[in-house]
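Structure assessment
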Amino acid sequence: MPQHLTVRDFDLGCTLESGQFFRWDKADGVYRVTRGEFTFRVWQEGERLYYTDVPAAFIRYFFSLDHDLPAVACSIDRDPFMREVLRRYWGLRLLRQDPWECTAAFVTSIASNIPRITRNVEDMARAFGREVPCGGQVARQFPRPVQMGGERELRRLRLGFRARYLHDAARLAQAGLLDEIAGLPSHEARETLMVIPGVAEKVADCVLLFAYGHLGAFPVDTWIRKAMIRIYFGGRPTTDLRIRRFAEQYFGRYAGYAQQYLYMYARQNWEEIEGRGSFDRDSATAMPGINPRVAVPGVP
DNA sequence: GGCCAGGTCCAAT
DNA sequence: ATTGGACATGGC
């Protein structure tokens, strides 16, 4: 028997399908999700969010229903372009993932793509994870660090060069590294994450954003890089560090939300971005009630 | 076939 | 501090 919650400013589909989380599938409008020890089904009809098998508090937590999305949107709505992106994917929220699962997933994501990441992560769950019932079928939890296979076994699952990273990450997680990070300020959390082999700037930022609630983190991947250069850097290539610095300042404390909306937009509308030309930042700073003065790298 | 994929690491400037 | 290649595998 499903329970339900009344939700506003929430879009389940956008949220799950935006590429931040991989452990879901969809059949007849119903999503089946496994996060940590919880496996559940969830679907949305307008402002009603239906779910099974888990407490309401978990649903509210995992889907970040406590985030004040209108306030977040207001804060990152710095220009007409962002306004349009926000409108198009309204209701997309950043999830609260399990730190270990998120770390493993984004180490797996290195030089890969969403279909393959999803398959790799499912393979690891099937090979090493615990079996749990869900809606008459069986699901597999993602393995805890102790349950992860060795490098050899991971290579057999076609993880390639990521196999060694994953094995080392599991070892460090087992030693408690990820537990220390909760509660650290974001810079220190980032440095600590980067101790893990296979975790450098980009993956660390993903974990900060998707698991530790550092909503100002701004992961720069190939899509975000292309989109940011095209839209905010006049098409002139620049470094990931400059893109990140600019975004953190331009979008402010919820830059990570801007990143996820941008990522979704860039993936689904690349042609549109290519055709649109770069964004005129002077008009952005001149918009009433918005962002009085921002530093714009490369533009006097 | 070659190139690129939600990058990172290491060596050589 | 920055830059080029290697790293496994898969899809176009």
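That block above? That's the structure.
Residues numbered from 1 in each chain as written. Chains lettered and ligands numbered in written order. Predicted model: local features only at pLDDT ≥ 70, side-chain atom pairs only at ≥ 80, totals over all residues. Heavy atoms only, no water.

Attention now moves to the protein's contact with DNA strand B. Not every one of the 26 residues close to DNA strand B is listed here, only the nearest: S112, N113, D221, W223 and Q259. Sugar and phosphate atoms constitute 65% of the interface atoms of DNA strand B, taking the interface as everything within 4 Å of the protein. One of the backbone N or O atoms of G19 is found 2.9 Å from a base oxygen in DNA strand B. If you list the elements that add at least two residues to the surface near DNA strand B, you get helix 11 (201–210), helix 12 (222–232) and helix 14 (255–268). Split into classes, the residues belonging to the surface near DNA strand B amount to 13 nonpolar, ten polar and three charged. (Near = heavy atom within 4 Å. Polar contact = N/O pair within 3.5 Å; in protein donor to acceptor, adjacent residues only side chain to side chain. Helix = DSSP H or I, 4+ residues; strand = E, 2+ residues; numbered from the N terminus. Nonpolar A, V, L, I, M, F, W, Y, C, P; charged D, E, K, R; others polar.)

Mapping T52 onto the fold places it in the loop between strand 5 (48–51) and helix 2 (56–62). Taking relative accessible area as the criterion, T52 reaches 6% and is therefore assigned buried. When neighbours within four sequence positions are excluded, T52 is seen to be in contact with P2, F40, R41 and W43. (Buried < 20%, exposed > 50% of the residue type's maximum accessible area, 1.4 Å probe, protein only. Contact = heavy atoms within 4.5 Å.)

As enumerated under the stated definition, the model contains 24 aromatic pairs in all. When the ring of F40 is compared with that of F63, the centres are 6.3 Å apart and the planes differ by 85 degrees; the resulting orientation is edge-to-face. Here F40, found in strand 4 (residues 38–45), pairs with F63, found in the loop between helix 2 and helix 3 (69–76); they are 23 residues apart in sequence, far enough to count as distant. For the pair F40 and F63, a shared accessibility class is recorded, and that class is buried. Their ring planes at 85 degrees and their centres at 5.4 Å tell us that F81 and Y265 sit as a pair that is edge-to-face. A residue pair is termed long-range when its members are at least 10 positions apart, and F81 in helix 4 (residues 80–88) and Y265 in helix 14 qualify at 184 residues. Residues F81 and Y265 agree in their burial class; the two are buried. Counting every residue linked through ring pairs, the aromatic cluster contains F81, F218, Y232, F233, F246, Y250, F251 and Y265. Above the plane of the ring of W223 lies K226, whose end atom (NZ or CZ) is 4.5 Å from the centre. If you follow K226 out to its NZ or CZ, it ends over the ring of W270, 4.5 Å from the centre. (Phe/Tyr/Trp six-rings, centres within 6.5 Å; stacked < 30°, edge-to-face > 60°. Lys NZ or Arg CZ within 6 Å of the ring centre and 35° of its normal.)

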